[in-house]
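The residues making up each chain are set out below.
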Amino acid sequence: MMDFNMFQEVVKDNILNSLPAEYKEASVSVHAVPKVNRTLYALTVMLPDHNKAPNIYLEEMYEHYQQNEDIQTTLAEVADAVVEATKEMSKVNPVLDADKIQDNVVLCLVNSTQNEELLKDVPNRRFQDLSVIYRWVVNMDRDGMQSMIITNDFAAARGFTEEELFQHAVENTKRICPPRVKSMQEVMADLAVEDGMPQELLESMGVFDEIPPEKNLWVITNEMGINGAASMLYEENLHKLAEQIGTDLYLLPSSIHETIAVSVEMGAPEYLAQMVHDVNMTAVTLDERLSNNVYHYDKDLRKLELATDVPEKGLDGVIAEPPMIYEKEGPAR
C-alpha cells in the first residue's frame, strides 16, 4: 500500500483520466493549505478559462484508499468529488463589495502555538495563549453557516487593516452570532427535549432540580454553536455570570465552539487544566481543540488572564517546552 506522499502524486498524475471530457485540458495541482490546528493537502483541478476551483482535501480520500486498497476506485471517488464541488462552486456568487464584507466579518479564536503557520498568512491579534482571527460569513441559513478565513492578501486587496477588521468583527459577532451563557443543566435539558424525551420523564430524573449557581457548570458559546469560544471575549457576560455566582471564574476551553465556566471554588486550576488536556486528547478532534490551559476571570478587576501555563501548549500531544540544558561542572580545584 502506498504512503500518503505517493498517494498525492498518483492522484495528481492520473485524476484527469477519471474525469469527464471537458476536464481534458484542465490544470492539476496539489498544495498545502493551512487550516485551524493543522495543515491539509488539497487537489485543485482548474478548468480552462476559469479563475477559481474548489479544493478537494486528500486526507479523507487517502482514508478511503486505505479501506478499499483500490486506487482506481479511489480515483473515481476523487473525480466525483471534483465534479460535484465544481458544480456547487458555480452556484455560489458571494458579493465582494467592501461594504458587504465589513458587515459580515466575525471573530474566531485559535491556539497560537498550534497555528504558527496559519497566523503568518492571516490578520490576527494575540489574546493570552490564543489568537483572534477573522472569518467572512458568506452565507447563513437553517443548515448552518458558510464562512472563510480572511487572509492578509484578501484584506489588503480590499483595503482593510487588522484594526478595522477587529472593530467591525466585535460588533458583527454580537449581531450575527449573539453570545449565549447557559447552565449545563439547561443545555442538557434542551438537548433531551429536542431528542423527544417527555417532559415528565425529565422531571422525574431530576433534570430540572435547582442547582446552586456556584455548583453548576456554565456553557459560554453563541446562538449558532459555531466558533462560540470567541464569546469569552465579551467581558460583560463574564462579569454578569461572576456576579450571579458570587465568585471569580475559571474558564475551561472545551473546544473552539464553546468554553465552560465554573466557580473558582470548584477546584485548583492545575487540576482543571489536567482535565481539559485529557478531554482534548481523547474526546475532541484536533481541528476543534482550543487550548490545554485554564483562564481566570477576576470579577472585581474585570480581567481575564491565564491561570495555568502548561507545557502542552500545542494541541497535537507534542510537548512544546524546550529541553532543559544542564551546565557541566568544571574540574575540581
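Quick notes on the rules
Residues numbered from 1 in each chain as written. Predicted model: local features only at pLDDT ≥ 70, side-chain atom pairs only at ≥ 80, totals over all residues. Heavy atoms only, no water. pLDDT = per-residue confidence, 0-100. Helix = DSSP H or I, 4+ residues; strand = E, 2+ residues; numbered from the N terminus. Contact = heavy atoms within 4.5 Å. Pairing = 2+ DSSP bridges. Axes fitted to C-alpha atoms, helices over the stretch in contact; angles between N-to-C directions. Salt bridge = Lys/Arg side-chain N within 4 Å of Asp/Glu carboxyl O. Buried < 20%, exposed > 50% of the residue type's maximum accessible area, 1.4 Å probe, protein only.

**Brief notes about the confidence of the model for the chain**
For step 1, the next point in the chain: On average, residues of the chain carry a pLDDT of 88, and 86% of them reach 70 or more.
For step 2, the next point in the chain: For the chain, the element scoring lowest by mean pLDDT is helix H9 (residues 199–204), at 64; strand S12 (residues 295–298) scores highest, at 98.
For step 3, the next point in the chain: Contacts of residues 320–333 to residues separated by more than four positions or lying in other chains number six contacts, the stretch itself having pLDDT below 50.

**Focus on the environment of Ile226**
For step 1, the next point in the chain: By the element assignment, Ile226 lies in the loop between strand S9 (218–222) and helix H10 (235–245).
For step 2, the next point in the chain: Through-space distance from the C-alpha of Ile226 to that of Cys177 is 8.3 Å; in sequence the pair is 49 residues apart.
For step 3, the next point in the chain: Once residues within four sequence positions are removed from consideration, Ile226 is found in contact with Met145 and His257.

**What to know about the sheet that holds strand S1 (residues 27–35)**
By way of backbone hydrogen bonds, the strands of a sheet pair with one another, either parallel or antiparallel.
For step 1, the next point in the chain: As summarised here, the arrangement of the three strands in space is S1-S2-S3, forming an open sheet in which the pairing is antiparallel. The open sheet has two edge strands, S1 and strand S3 (55–57), and neither has a second partner. Neighbour to neighbour, the strand axes of the sheet diverge by 35 degrees on average, direction disregarded.
For step 2, the next point in the chain: Examined bridge by bridge, strand S2 (residues 38–46) and S3 share three bridges and lie antiparallel to one another. Within S3, the position partnered with Leu43 by the bridge is Ile56.
For step 3, the next point in the chain: Where helix H1 (residues 4–14) meets the sheet, it contacts S1 and S2, and its direction lies at approximately 15 degrees from that of S2.
For step 4, the next point in the chain: Seen against the sheet, helix H2 (residues 58–68) touches S1, S2 and S3 and runs at an angle of roughly 40 degrees to S3.

**A look at the pattern of salt bridges**
For step 1, the next point in the chain: What the rule picks out here adds up to nine salt bridges.
For step 2, the next point in the chain: Where Glu235 meets Arg302, a salt bridge forms, and the shortest distance between an N and an O atom there is 2.8 Å. Taken together, the positions of Glu235 in helix H10 and Arg302 in the loop between S12 and strand S13 (303–306) put the pair 67 residues apart, joining distant regions of the chain.
For step 3, the next point in the chain: The exposure class of Glu235 is partly exposed, given its relative accessible area of 22%.
For step 4, the next point in the chain: You can call Arg302 partly exposed: its relative accessible area is 40%.
For step 5, the next point in the chain: Overlapping salt bridges bring together Arg125, Glu162 and Glu163 as one network.

**Topic: the sheet that holds strand S10 (residues 249–255)**
For step 1, the next point in the chain: Pairing within the open sheet is antiparallel, and its six strands lie in the order S8-S9-S11-S10-S12-S13. Two strands close off the open sheet at either side, each with one partner strand: strand S8 (179–183) and S13. Adjacent strand axes in the sheet meet at a mean angle of 30 degrees, parallel and antiparallel pairs treated alike.
For step 2, the next point in the chain: The pairing of S10 with strand S11 (residues 258–263) spans five bridges and is classified as antiparallel. Within S11, the residue paired with Leu249 across the bridge is Ser263.
For step 3, the next point in the chain: Sheet strands in contact with helix H11 (residues 269–283) are S10 and S11, and its direction is about 10 degrees off that of S10.

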